[in-house]
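So the chains spell out like this:
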Amino acid sequence: MGTAAQGEARSRAWRLWITSGPGLFWIVLFLLIPSGVMLGIAFFTNSDFGSPVLPLSLDSFSQVAGYGILGWSGANFTVLLRSLLQAGVATSVTILLAYPLVFFIVTRPASLRPVLLLFAIVPSWTNQVVRTYAWMELLNPFAPVSHVAQVLGIIPPHLGLMPGNFAVLVGLSYNYLPYMVVPLYAAAEKLDWTLVEAGRDLYASGARLFFNTVFPQTLPGLLSGIILVGIPAFGDYVVPQLLGGDKAMMLGSLIADQFTFSPDWPYGAALTLIMLVFTCIGLIVFRRLTQRLGGGEGAML
Amino acid sequence: MMPGAVMMPAGPEKVTAARGAISLSHITRIFAGSIPAVDHIDLEIQAGEFFTLLGPSGCGKTTLLRMIAGFETPDEGRIVISGREMQDVPAHQRAVNTVFQSYALFPHLNVEQNIGFGLRMRGVRKPERKKRVDAMMELLQIGPFAARNAGQLSGGQRQRVALARALVNEPEVVLLDEPLSALDAKLRAELQIELLRMQKRLGMTFIFVTHDQHEALVMSDRIGVMSNGRLQQVGPVLDVYEKPRNVFVAEFLGLSNIWAIEPLGGGMAAAPIGVLKIAAVIGVARMAMIRPEKIWIYNDTHAPQGRENVFPGTVREAIYMGASTQYRIELGGGGFILALDTNNQAAERSWRPGEAVAVELKPENIMLVEA
Amino acid sequence: MNAVPRRIRRVLAGISLPVYLLLYAPLSVIAIFSFAPSLGHPGPNLAAYGMLLNDPEVLAALRRSLTLAIGSAVLGTMLGTLMGFGLSRFRPAKGGGFWVGTLPSLIIYLPIIMPSLVFGISELIFFNFVHEYTGLLSAGLLTMGIAHVTFQAPYVALVVYARLAGLDPNLFEASQDLYANAVKSFVFLTIPVVRPALIGGFLLAITLSIDDFTISFFTAGPGSVTLPIYIYSAIARKGSSPEINALGSLMIATVIGVALLYYFVTRHRERSTRIPAVA
């Protein structure tokens, strides 16, 4: 027997589990447990058929580090570094494109803004394979764009802009641009313009005005955008698979290969663990930054 | 008990209690681990009474109201409405309706549907429902915006709709949680009168929660002043104002001059401003209080001779407030006193800061209060 | 907005208009190429579309995609709505400790933040094990559907939660006060007020399902080739073709059409500028 307030809290908790329980249980059963199983597999030994068998070992991790039957190779490090680099550059590209776009939208009349935002987002509603395939059509060696590049001497004749790192970068930036636009827009729409007016007398140049008045206010949106773009770009599978080649391989393809073409589940699971570690680091760092800046998360759970 | 059935007439077991009478005994409510929000409240409210719970925010008045409505359960004590014990009666079965501070109008329904919601939930058929909703809308002059959505109404209109939505169910008790606090002063005054008229006309019991002492004075038959989860004083408005029981009530309700006193015998007591003659029996009382409007001010040359409690002083501050002027007067013996003088023709004159005056505190106007 | 000088607004427009062009250029290219001349069809023509509509494989894939999208969206919306409703109504206002306060949020965000590839492969392994030991859940539309529900439900929950969080909490007490029991309150208050979020959530769930490739790819079986998987394997097999262009164009047109339709239908109901979700 506690107080009535405690009783009410208990009955609320009970209703919480009745309503939210089934969905939460579903996610635990079909995602939390499976991902746990997968990470566990990293500590098993690989069988001849690629499936995990006992004994427990750390072999898969030495494989990840580059040690194989042929001695040490830096290939995995190259793939990891390339994935980080591509994700970082793609995120920067989306930031550079999203800022002008978002401020273009918020400086339009209020009635036009939702439509303009919608037009920036609609392409993201089409299937990722179709979107990426569209860039294959645009960048392949026979497409006009590649032709122009050949004539200008940017790329050697008879080669296209794809497959390769450049095409992957374009594909990633294109795919995830809306993920930067939306949180930035949410921040820019709430912008307190009186601060900008107040700062007008204080700061000499437009750039300083921007970085001292506008930029800090959009920072929470920017940080959310970086998480929303950087993390999926880092782990992307479709874009490097279709637009990259062997020389543009990213971590996603390397992992997927261990479960499809040349099965080696423990090795694949160990690579996945690495991917998750980097994902979590990114997530934690940016969440901390957001919290420290007191970023409002709006109607987030 | 049939689900959804509402006890409109009092249960057969208690025919003695009038419909709409409320009896609270020992009501206590504790929020997780902290001090009680409502602490052993005993209160009887008569049927058809306009009762106001007055107190500063956080004093527990809203929690008490929510327990009467059935949104929260008391840890201790009994709530009896119309003679019926409410212990196991959930909110939706109580013949009690609430007007919320935020109005809480349903955003997906128009005004008419909002008002008819309670009748609909109780299974009142459409023709009957329409008749009652229409009658209520006419009574409150809501008709012109019956088809509008809640979002399209002004503050005053929302307030009317929220009131209509409660009244149309003909509840035994209507609970009002600071329903006028979001309105501007003029509209507020209008609606105070309208609310009062409506209550007298329909004869329902109203329990009105407010932190505004002026509102409480204007509207109530009786008020209960609350602080720290306890009822400090309950009584008719006049009694509570004129004879506050303690310092909290005196200070919360209106302006006051309060002094610690030392009894000297013979109806005399020593106060910081000098020796006071007090008509009431002093007994063990150690605090005395006088309302500013009960203080007479004279030109120093016209000061009454040979009377008790006349002190010379100097006006230090005069605040003109239209119908009256409020003076802060520094007394000769040290200390300040607050006095209020009406600006009618009978008033001798008004005074400016720096003028020498005399004040008289009539012994029968000095009240003894608890600390 | 007068804080931004005209000159800067021109620069913003000068950058933004090409960005808009860039957003639609690849999609338009597919559409243009779908009319391209091919063997036996000189000049712009609709031959690719004709072939598409007579290809039983494509039609079967379309049927599977629709079945998967609608089936998973129905379940995902139900689970998601209950989660969003429960978390907004029954979670203590502050704190609630780890089990009630923090854990549910962590679980809900898990499918949203987890890279699709990790998501897909985890499911692949899990379903494999379950099938190996119980004989249940062989890879196919069912396993794909389970996976889709897993990522749809959290998004729907967020949409519904956002809607309910913006409401006056007294509304629910007002309904109780006006004689509605828990069931009546849910039917006559909660459902109607969350209806826009419900419809939006359902359409979002369908969009998410149609948009997804990676997770579908790893949970699909030999008999459950859906449109994205069909396109992917066709590209892998023979590169681009007018038929694939035609199929891609139709998919793009459908999504844009549905999106615009939904937007303009709901726009009049909700005045406030809503921020559409990214899928």
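The model shown is predicted, which means the values in this text are computed figures rather than measured ones. (Residues numbered from 1 in each chain as written. Chains lettered and ligands numbered in written order. Predicted model: local features only at pLDDT ≥ 70, side-chain atom pairs only at ≥ 80, totals over all residues. Heavy atoms only, no water.)

## Some points on the overall build of chain A
And then number 1: Each helix and strand counted, chain A has twelve helices and four strands in total.
And then number 2: Across its three principal axes, chain A shows a C-alpha extent of roughly 85 × 70 × 35 Å.
And then number 3: Residues counted as buried form 54% of the 301 residues belonging to chain A.
And then number 4: Summed over its atoms, the accessible surface of chain A is roughly 13,700 Å², and 71% of this surface lies on carbon and sulfur atoms.
And then number 5: Side-chain charges of chain A comprise 14 positive and 13 negative groups, with the mean position of each set lying 11 Å from the other. (Helix = DSSP H or I, 4+ residues; strand = E, 2+ residues; numbered from the N terminus. Buried < 20%, exposed > 50% of the residue type's maximum accessible area, 1.4 Å probe, protein only. Areas by Shrake-Rupley, 256 points an atom, 1.4 Å probe, with all protein chains shown as cover. Lys, Arg positive; Asp, Glu negative; His and termini not counted. Charge placed at Lys NZ, Arg CZ, Asp CG, Glu CD.)

## Side note on the nonpolar core
And then number 1: Counting 199 residues, the largest nonpolar core has Phe103(A), Leu251(A), Leu24(B), Ile41(B), Leu64(B), Ile207(B) and Ile231(C) as the members making the most contacts within it.
And then number 2: Broken down by element, the residue count for this core peaks at 15 residues, all from helix α7 (residues 165-189) of chain A.
And then number 3: The contacts of Leu24(B), once residues within four sequence positions are left out, are Ile41(B), Asp42(B), Leu43(B), Leu64(B), Ile68(B), Arg78(B) and Ile79(B).
And then number 4: Listed in part, the 36 residues of the second largest apolar core include Ile115(B), Val133(B), Leu153(B) and Leu191(B). (Core = buried A, V, L, I, M, F, W, Y, C linked by side-chain atoms within 4.5 Å. Contact = heavy atoms within 4.5 Å.)

## Some thoughts on the pattern of salt bridges
Side-chain pairs of opposite charge can arise where the charged atoms are in close proximity.
And then number 1: Going through the model one piece at a time under the given rule, you end up with 21 salt bridges over all chains.
And then number 2: The partner of Glu128(B) in a salt bridge is Arg132(B), and the shortest N-O contact between them spans 3.8 Å. Of this pair, Glu128(B) and Arg132(B) both sit in helix α3 (residues 126-139), four residues apart, roughly one helical turn.
And then number 3: Between Lys186(B) and Glu190(B) there is a salt bridge, with the nearest N and O atoms lying 3.5 Å from each other. On the criterion of helical spacing, the pair formed by Lys186(B) and Glu190(B) is a turn pair, its members being four residues apart in helix α5 (residues 185-202).
And then number 4: Among the charged side chains, a salt-bridge network with shared partners connects Arg29(B), Arg66(B), Glu72(B) and Glu173(C). (Salt bridge = Lys/Arg side-chain N within 4 Å of Asp/Glu carboxyl O.)

## Some words on helix α1 (residues 4-41) of chain A
And then number 1: With 38 residues, α1(A) extends only 48 Å from end C-alpha to end C-alpha; this falls clearly short of the ideal 56 Å at 1.5 Å per step.
And then number 2: The largest bend in α1(A) comes to about 55 degrees, at Ser20(A), with the proline Pro22(A) one to four residues further on. (Expected span 1.5 Å × (residues − 1). Bend = angle between axes of the 7 residues up to and from the residue.)

## Thoughts on the interface of chain A and chain C
And then number 1: Each side of the interface is counted separately: chain A has 91 residues, and chain C has 93 residues.
And then number 2: On the surface where chain A and chain C come into contact, there are one salt bridge.
And then number 3: The residue inventory of the side of chain A that touches chain C, partitioned by class, reads 67 nonpolar, 15 polar and nine charged. (Nonpolar A, V, L, I, M, F, W, Y, C, P; charged D, E, K, R; others polar.)

## Describing the packing of aromatic side chains
And then number 1: Applying the stated criterion across every chain, the model contains 34 aromatic pairs over all chains.
And then number 2: Centroid distance Tyr237(A) to Phe218(C): 5.6 Å. Interplanar angle 50 degrees. Geometry classified as tilted. Of this pair, Tyr237(A) sits in the loop between α9 (206-234) and α10 (238-243) while Phe218(C) sits in helix α9 (residues 214-219), on two different chains. In terms of burial, Tyr237(A) and Phe218(C) fall into one category: buried.
And then number 3: Taken together, Tyr99(A), Phe103(A), Phe210(A), Phe211(A) and Phe215(A) form an aromatic cluster joined through their ring pairs.
And then number 4: Arg122(B) extends its terminal NZ or CZ atom over the ring of Tyr179(C), reaching a point 4.8 Å from the ring centre.
And then number 5: The lysine or arginine in question, Arg291(B), covers the ring of Tyr241(B), its NZ or CZ lying 4.0 Å from the ring centre. (Phe/Tyr/Trp six-rings, centres within 6.5 Å; stacked < 30°, edge-to-face > 60°. Lys NZ or Arg CZ within 6 Å of the ring centre and 35° of its normal.)

## Digging into the sheet that holds strand β11 (residues 257-260) of chain B
Strands pair in a sheet through their backbones, by hydrogen bonds, and they do so in one of two ways: parallel or antiparallel.
All names here are of chain B.
And then number 1: Strand order in the open sheet made by the three strands is β11-β15-β21, with antiparallel pairing throughout. The open sheet has two edge strands, β11 and β21 (367-369), and neither has a second partner. Each strand of the sheet is rotated relative to its neighbour by a mean of 30 degrees, with strand direction disregarded.
And then number 2: As defined by bridge partners, β11 adjoins strand β15 (residues 287-290) across four bridges and the pair is classed as antiparallel. Its bridge partner being in β15, Trp259 is matched across the sheet by Ala288. (Pairing = 2+ DSSP bridges. Axes fitted to C-alpha atoms, helices over the stretch in contact; angles between N-to-C directions.)

## Comments concerning the interface of chain B and chain A
And then number 1: Counting residues at the interface gives eight residues for chain B, matched by four residues for chain A.
And then number 2: Taken over both partners, the interface formed by chain B and chain A buries close to 450 Å², and the fraction arising from carbon and sulfur atoms is 49%.
And then number 3: Linking chain B with chain A are zero salt bridges, by the criterion used here.
And then number 4: Between chain B and chain A we count zero residue pairs in polar contact (both at pLDDT 80 or more) in total. (Buried area = accessible area lost by both parts, 1.4 Å probe. Polar contact = N/O pair within 3.5 Å; in protein donor to acceptor, adjacent residues only side chain to side chain.)

## Focus: the side chain of Ser173(A)
Residue and element names in this part refer to chain A.
And then number 1: Looking at the element boundaries, Ser173 is found in helix α7.
And then number 2: A residue is classified by how much of its surface remains accessible, and Ser173, at 9% relative accessible area, is buried.
And then number 3: Ignoring sequence-local partners within four residues, the contact set of Ser173 consists of Ala90, Val93 and Thr94.

## Let's talk about a nonpolar patch on the surface
Residues and elements named next belong to chain A.
And then number 1: Taken together, the side chains of Leu81, Leu84, Val277, Phe278, Ile281, Val285, Leu289 and Leu293 define a hydrophobic patch exposed on the protein surface, amounting to about 650 Å² of accessible area.
And then number 2: Secondary-structure elements contributing two or more residues to the nonpolar patch are α3 (75-106) and α12 (265-292).
And then number 3: With five residues, the top contributor of residues to the nonpolar patch is α12. (Patch = residues over 30% accessible without salt bridge, like charges linked within 9 Å, V, L, I, M, F, W, Y side chains within 5 Å.)

## A short note on helix α3 (residues 56-90) of chain C
And then number 1: Taking 1.5 Å of rise per residue, the 35 residues of α3(C) would be expected to cover 51 Å, and the 50 Å separating its terminal C-alpha atoms lies within 8% of that figure.
And then number 2: For α3(C), the capping residue at the N-terminal end is Asp55(C), with a side-chain oxygen 2.9 Å from the backbone nitrogen of Glu57(C).

## Details of the pairing of strand β10 (residues 230-236) of chain B
All names here are of chain B.
And then number 1: When strand β9 (residues 222-227) meets β10, the two strands line up antiparallel, connected through six bridges. Residue pairing across strands places Ser227 opposite Arg230, the latter belonging to β10.
And then number 2: The turn linking β9 back onto β10 is made up of two residues, and Asn228 within it adopts a positive phi angle of 50 degrees.

## A few points about the sheet that holds β10(B)
All names here are of chain B.
And then number 1: Strand order in the open sheet made by the six strands is β6-β7-β8-β3-β9-β10, with mixed pairing throughout. Looking along the sheet, the strands with just one partner apiece sit at the ends: β6 (96-99) and β10. Each strand axis lies, on average, 15 degrees off the axis of its neighbour in the sheet, ignoring direction.
And then number 2: Summarising the sheet, β6 and strand β7 (residues 173-177) pair through four bridges and their orientation is parallel. Bridge pairing in β7 links Asn97 to Val174.

## Focus: unusual backbone geometry
All names here are of chain B.
And then number 1: Despite not being glycine, Ser82 has its phi angle at roughly 50 degrees, a positive value.
And then number 2: In this fold, Ser82 is placed in the loop between β4 (76-81) and β5 (84-85).
And then number 3: Its identity as a non-glycine residue notwithstanding, Asn228 has a phi of 50 degrees, on the positive side.
And then number 4: Here Asn228 is to be found in the loop between β9 and β10.

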